[in-house]
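# Breakdown of the fold
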Amino acid sequence: MTSERKLNLVGILKFDQEMILEGRRHDAVAAGLRGDARNQAQYLQEVTQLEMLPRLWEFGVQLTEDEYKDAVRVRSWMTHEQAIARHRALCRYPAPPNPEITYFWSQDGHLLSVSATRDDGQFVANHGLLTPEWAEQLRRDMPQHAHLVTFYENNQAAGRGHKGVWPPCGTPLVGTSVPEPLRLWRERIEGELRRRAAEQAEAHCADTGNQVHQLTDSDPPGH
C-alpha cells in the first residue's frame, strides 16, 4: 500500500504568486515598448500591489491547507480588485471579474469570499459549500462576519443569490498603500510561521545535540 504524498503547498503558492507577478512586469514592459504610458502606469501599480502579498515560502516551513487557502483567497481578492480598477481606468477588455464572486474584509483582518457560481444555487464560502456545519465553523472563525454568513444562508435557502447584499465590508485596493485588514492578516500569518520556524529550529538543535551525545557515549574507553 503506497502512502499518499503530501503536496508542497508552499512551493505551489510560490510558483503561482511569482508567475502572476512576472506576468504583470511583462505587461508593463510591453506597454512601455508600445509607448502606452497609461497602461504601463496601471501595470506598474499592480506590480507594487502584488508585492504587498507576503512571501510565505521564505519562512522555511510548510503551510497547512487552511493557511494555503487563506493565501490564495487573499491573492484572488487582490487580482479581482485589480481587474475592476483596470477596467475602470482603461475602459478596455478584459471585462470586470465575475460579479457572482464577492469579497468581504473584516476590520480584524479576516477575508470572506462568497461565490454563487453553482448551478444548484448553493454558495461556496471560503472554499467550502455553505452547509449548516460549515456556516457554523465560519461564524466561530470569523465572528465579525457572522451576520454575513447568516445573511447568505438565508439567501441560499430562498434562492436569492447575492440579492440584497450591502456593499462589501470593507476595503478596496486603492493605490500602493497597504490596506489595514491586509496588514493585519499578513501580520497574523507571518507571526504564526515565524513561531513554527523557531520551534522547528529548536527541535533540530535538540536532535543534533542528542546525536552528538549518542556518538560520544558509544566511543570505547580510552578514545
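Up top you'll find the structure we're talking about.
Residues numbered from 1 in each chain as written. Predicted model: local features only at pLDDT ≥ 70, side-chain atom pairs only at ≥ 80, totals over all residues. Heavy atoms only, no water.

Moving on: the packing of aromatic side chains. In total, this model carries 4 aromatic pairs according to the counting rule given. Aromatic pair W77 and W105: ring centres 5.4 Å apart, planes at 90°, arrangement edge-to-face. Highlighted residues: W77 in helix α3 (residues 65-90) and W105 in strand β1 (residues 101-105), separated in sequence by 28 residues. Taken together, a centroid distance of 4.9 Å and an interplanar angle of 80° make the contact between F123 and Y152 edge-to-face. One end of the pair, F123, is in the loop between β2 (111-115) and β3 (124-125); the other, Y152, is in helix α5 (residues 146-158), and 29 residues separate them in sequence. Take F123 and Y152: they sit in the same class, and that class is buried. Among the aromatic side chains, those forming a connected cluster through ring pairs are F104, F123, F151 and Y152. (Phe/Tyr/Trp six-rings, centres within 6.5 Å; stacked < 30°, edge-to-face > 60°. Helix = DSSP H or I, 4+ residues; strand = E, 2+ residues; numbered from the N terminus. Buried < 20%, exposed > 50% of the residue type's maximum accessible area, 1.4 Å probe, protein only.)

It is worth spelling out the side chain of Q122 at this point. Note on placement: Q122 falls in the loop between β2 and β3. The residues contacting Q122, other than those within four sequence positions of it, are S115, L129, L130, T131 and Q156. (Contact = heavy atoms within 4.5 Å.)

Along its 14 residues, helix α2 (residues 37-50) runs 20 Å from first to last C-alpha, staying within 8% of the 20 Å computed at 1.5 Å per residue. Considered for burial, the residues of α2 that qualify are N39, Q42, Y43, E46, V47, Q49 and L50. The arc enclosing the buried residues of α2, seen along the axis, measures out at 165°, which places them on a common side. At its buried positions, α2 is contacted by α1 (9-33) and α3. (Expected span 1.5 Å × (residues − 1). Arc of directions from axis to C-beta.)

Among the 5 residues that make up β1, 4 are buried, leaving the element largely enclosed by the rest of the structure. As paired elements, β1 and β2 share 5 bridges and run antiparallel to each other. Among the inter-strand pairings, I101 is bridged to a residue of β2, identified as S115. Connecting the antiparallel pair β1 and β2 is a turn made up of 5 residues, with G109 showing a positive phi of about 85°. (Pairing = 2+ DSSP bridges.)

Moving on: the pattern of salt bridges. Note on pairing: side chains with opposite charge can pair once their charged atoms come close. Counting across every chain of the model gives 18 salt bridges. Of the charged contacts in the structure, one is a salt bridge between E58 and R55, with a shortest N-O distance of 2.6 Å. The partner of R195 in a salt bridge is E192, with the nearest N and O atoms 2.6 Å apart. Residue R195 and its partner E192 are located together in helix α6 (residues 180-218), separated by 3 residues, close to a single helical turn. In this structure R195 comes out as partly exposed when scored by relative accessible area, which is 38%. Linked through salt bridges whose partners overlap, the residues forming this network are E67, E192, R195, R196 and E199. (Salt bridge = Lys/Arg side-chain N within 4 Å of Asp/Glu carboxyl O.)

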